[in-house]
Amino acid sequence: MLDRGEIVDLLADYPKPPIVASVGSHSALDIADGAVTEGFRTLVLAQAGREATYAQYYRTRRDATGRAIRGCVDEVWTYPRFADLAKFATQERLRSVGALLVPNRALSSYVPLDTIESEFRVPLVGSRSLLRIEERTERENYYTLLEAAGIPTPTKIPDPRSIDGLAIVKLPHAQKRLERGFFTVASSAEYERKSRFLLDQGTIRAEDLATARIERYVIGPVFNFNFFFSPLFPRAEGLELLGVDERRESSLDGLVRLPAAQQLELEQAGRVPEYTVVGHGTLTVRESILEDVFRLGEKFVHASQGRYPPGILGPFCLQTCLDKDGRPTVFDVAARIGGGTNIHLGLGHPYGNALWREPMSSGRRLAREIRLAMDDGRLAEIVT
Ligand SMILES: Nc1ncnc2c1ncn2[C@@H]1O[C@H](COP(=O)(O)OP(=O)(O)O)[C@@H](O)[C@H]1O
Ligand SMILES: [Mg+2]
């Protein structure tokens, strides 16, 4: 892990004001939109051929005073491959323009974690050491952190032979490596049958299946809680809930929109849903559940500070299912801005707005944090 002091030292030579940067995919638009609203210029690092959203459709136009009158992306740098953005020359260029990079899932998916942790000398607004916990195959991952925090997670099923109720098997898709090859099973016999079918069909790989996480399927709606933790405020005000999203997942959401009779008429392959995220919706949670949700967030903050100092900084997302009694179980964690925060874009979110008394999205909150830290000379406290 790069020494935090080394990263903080980089800030001394940074041009002022800094430019807010992100990797062009995932939640880059929310980050850019929020940054422009807070008065920053923005940079998106995109893959060549995938830049039109940023370089064309959301390109910023500013008036003579510098006020944005259209769009939210000031600069776009493109690379043949996303991984190229970690090259030393690019790092140098990022530092020379004063880039504060907001880590999103696109960054940690496309740039190897080893590189981000040990070679990528660009200040990240967030928690560098926590990015790795998302990898389920790591020995120390979000499950170990959640358990240490005392946060309920779906029961792990250590061996496919002990499946005795509805379970979900989590592994990558065979061809679309960054997507999911998840499937559900209710017994070990069904596991054998279904995994064989998916292997034969080329949807999953045997080596992934061998290390797949199998866990109890929690029946209940999904709520992804988009939190923010600020070290700049007194601890009692440090944790904020900004918004709640849910995902639309390809074929799964298509299947549930079909009446049962039509589902049963589908051919075998069409009946197994895929879980590729293709969109998001917004939710609020029953008010009496809210305190439980904050309690989970507080536990996560506390455990992350104990195990991965300085702990979580900025946005994070706890992905939960609420069971029949309304109790949240956390099945996934994003220790950085979540994938569904574009639902806040521009409008903010009921929870964020209620707190900040103005439209407050995750992206805007991030930019506000940078601004507050700069004004107080505390930028060192929010980067790693
Ligand atoms: N234990 C579980 N019980 C019920 N549904 C689950 C469970 N784990 C995951 N899911 C469903 O699968 C989706 C993806 O799971 P997740 O663990 O978030 O994968 P990823 O790491 O790819 O985001 C979730 O949005 C949810 O709908
Ligand atoms: Mg997830």
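Owing to the predicted nature of the structure, the values given are computational and were not obtained by experimental measurement. (Residues numbered from 1 in each chain as written. Chains lettered and ligands numbered in written order. Predicted model: local features only at pLDDT ≥ 70, side-chain atom pairs only at ≥ 80, totals over all residues. Heavy atoms only, no water.)

**Student:** Account for the coordination of the magnesium ion (ligand 2), with residues named and values stated.
**Tutor:** Note on the magnesium ion (ligand 2): its protein donors are Gln319 (OE1) and Asp332 (OD). The metal-donor distances range over 2.1 Å. Residue Gln319 is located in strand β13 (residues 314–322), and its partner Asp332 is located in strand β14 (residues 328–334); the two are separated by 13 residues in the primary sequence. For Gln319, a relative accessible area of 7% puts it in the buried group. On the basis of relative accessibility, which here comes to 15%, the residue Asp332 falls in the buried class. (Donors = N, O, S within 2.8 Å, 3.2 Å for Na, K, Ca; no water. Helix = DSSP H or I, 4+ residues; strand = E, 2+ residues; numbered from the N terminus. Buried < 20%, exposed > 50% of the residue type's maximum accessible area, 1.4 Å probe, protein only.)

**Student:** Please give an account of the site of ligand 1 that cites residues and values.
**Tutor:** Arg136, Lys170, Arg180, Val218 and Asp332 are the nearest of the 16 residues found near ligand 1. At 2.5 Å from an oxygen atom of ligand 1 is found a side-chain nitrogen or oxygen belonging to Arg180. When grouped by side-chain class, the residues that make up the shell around ligand 1 number eight nonpolar, one polar and seven charged. Of the domains in this structure, domain 2 (142–152 + 220–356) and domain 3 (160–216) are the two that each give at least three residues to the shell around ligand 1. (Near = heavy atom within 4 Å. Polar contact = N/O pair within 3.5 Å; in protein donor to acceptor, adjacent residues only side chain to side chain. Nonpolar A, V, L, I, M, F, W, Y, C, P; charged D, E, K, R; others polar. Domains from an automatic or database assignment.)

**Student:** How would you sum up the sheet that holds strand β10 (residues 222–229)? Please name residues and give values.
**Tutor:** Spatial strand order, β12-β11-β10-β13-β14: five strands in an open sheet with antiparallel pairing. The open sheet has two edge strands with one neighbour each: β12 (277–282) and β14. Averaged over all pairs of adjacent strands, the angle between strand axes in this sheet comes to 35°, irrespective of strand direction. For β13 and β14, the ladder comprises six bridges, and the chain directions are antiparallel. Bridge assignment links Gln319 to a residue of β14, and that residue is Asp332. Here helix α13 (residues 290–307) sits on the sheet and contacts β10, β11 (239–249), β13 and β14; the angle it forms with β11, its principal contact strand, is near 105°. (Pairing = 2+ DSSP bridges. Axes fitted to C-alpha atoms, helices over the stretch in contact; angles between N-to-C directions. Contact = heavy atoms within 4.5 Å.)

**Student:** Report on the domain arrangement of the chain, specifying residues and quantitative values.
**Tutor:** Domains assigned within the chain are domain 1 (4–133 + 374–381), domain 2 (142–152 + 220–356) and domain 3 (160–216). The gap between the C-alpha centroids of domain 2 and domain 3 is 23 Å. Opposite the twelve residues of domain 2 that make contact, domain 3 presents 13 residues. Around 1,100 Å² of area is buried between domain 2 and domain 3 when both sides are counted, 52% of it from carbon and sulfur atoms. The largest per-residue losses of area from domain 2 upon contact with domain 3 belong to Tyr143, Val272 and Tyr275, which jointly make up 50% of the total buried on that side. Applying the counting criterion to the domain 2 and domain 3 interface returns two salt bridges. (Buried area = accessible area lost by both parts, 1.4 Å probe. Salt bridge = Lys/Arg side-chain N within 4 Å of Asp/Glu carboxyl O.)

**Student:** Explain the packing of helix α7 (residues 142–149) against α13 to me, using residue names and the numbers behind them.
**Tutor:** If you want to describe how two helices pack, look at the angle between their axes and the distance between the axes. Orientation of α7 relative to α13, taken along the N-to-C sense of each, is 110°, at an axis distance of 9 Å. As far as their axial angle goes, α13 and α7 are roughly perpendicular. Considering only the axes of α7 and α13, their crossing is right-handed. For the pair α7 and α13, contact is made by Thr144, Leu145, Leu146, Ala148 and Ala149 and by Lys299, Phe300, Ala303, Ser304 and Arg307, respectively. In the contact of α7 with α13, the residues fall into six nonpolar, two polar and two charged. (Parallel < 35°, antiparallel > 145°, perpendicular 65-115°, else oblique. Left-handed = near helix turned anticlockwise from the far one by under 90°.)

**Student:** Break down empty space enclosed by the protein for me, with residues and values.
**Tutor:** All chains considered together, the criterion is met by two cavities of 30 Å³ or more. Considered as a void within the structure, the largest cavity measures approximately 50 Å³ in volume. Contributing to the lining of the largest cavity are Val125, Gly126, Phe228, Phe229, Pro231, Leu313, Gly314, Leu366, Glu369 and Ile382. Where the lining of the largest cavity is concerned, the elements lending two or more residues are β10 and α15 (362–375). (1 Å grid on protein atoms, 1.4 Å probe; cavity = no way out; pocket = protein on both sides within 12 Å on 5 of 7 lines; lining within 4 Å. Points joined across faces, edges and corners; volume = space filled by probe spheres on them.)

**Student:** Describe the sheet that holds strand β5 (residues 75–79), and please don't skip the residues or the numbers.
**Tutor:** Taken in spatial order, the four strands line up as β5-β2-β1-β6 in an open sheet, and their pairing is parallel. A strand with exactly one partner marks an edge of an open sheet, and here the two such strands are β5 and β6 (99–101). Taken over all neighbouring pairs, the strand axes of this sheet differ in orientation by 30° on average, direction set aside. Packed onto the sheet, helix α4 (residues 88–96) meets β2 (41–47), β5 and β6 and runs at close to 175° relative to β5.

**Student:** Outline the pattern of salt bridges, listing residues and values.
**Tutor:** Inspection of every chain in the model, using the stated rule, returns 41 salt bridges. When the shortest N-O distance is used, the salt bridge between Asp84 and Lys87 registers 3.8 Å. Here the residues in one salt-bridge network are Glu38, Glu358, Arg364 and Arg368, joined through shared partners.

**Student:** With reference to specific residues and values, describe the packing of helix α2 (residues 28–37) against α15.
**Tutor:** With their axes 7 Å apart at the nearest point, α2 and α15 run at an angle of 50° to one another. By the criterion of interaxial angle, the relationship of α2 to α15 is oblique. α15 is crossed by α2, and the crossing has right-handed handedness. The segment α2 lies against α15, with Asp30, Ile31, Gly34, Ala35 and Thr37 engaging Ser362, Gly363, Arg364, Leu366 and Ala367. Grouping the amino acids of the contact of α2 with α15 by side-chain chemistry returns four nonpolar, four polar and two charged.

**Student:** How would you explain the environment of Glu298 if you had to name every residue and give the values?
**Tutor:** Along the polypeptide, Glu298 turns up in helix α13. Along the primary structure Glu298 and Phe229 are separated by 69 residues, whereas in three dimensions their C-alpha atoms are 9.3 Å apart. Dropping the residues within four chain positions of it, Glu298 is found in contact with Arg235 and Leu239. A distance of 2.7 Å separates a polar atom in the side chain of Glu298 from a polar atom in the side chain of Arg235.

**Student:** Explain α15 to me, and be specific about the residues and the numbers.
**Tutor:** Between its terminal C-alpha atoms α15 stretches 20 Å, which fits the 20 Å expected from 14 residues at 1.5 Å a residue. α15 sits mainly inside the fold: ten of its 14 residues count as buried. Within α15, the full set of buried residues consists of Ser362, Gly363, Arg364, Arg365, Leu366, Ala367, Arg368, Glu369, Ile370 and Ala373. The N-capping residue of α15, defined by a side-chain oxygen 3.4 Å from the backbone nitrogen of Gly363, is Ser361. Once α15 ends, the next one or two residues include Gly377, with phi positive near 65°. (Expected span 1.5 Å × (residues − 1).)

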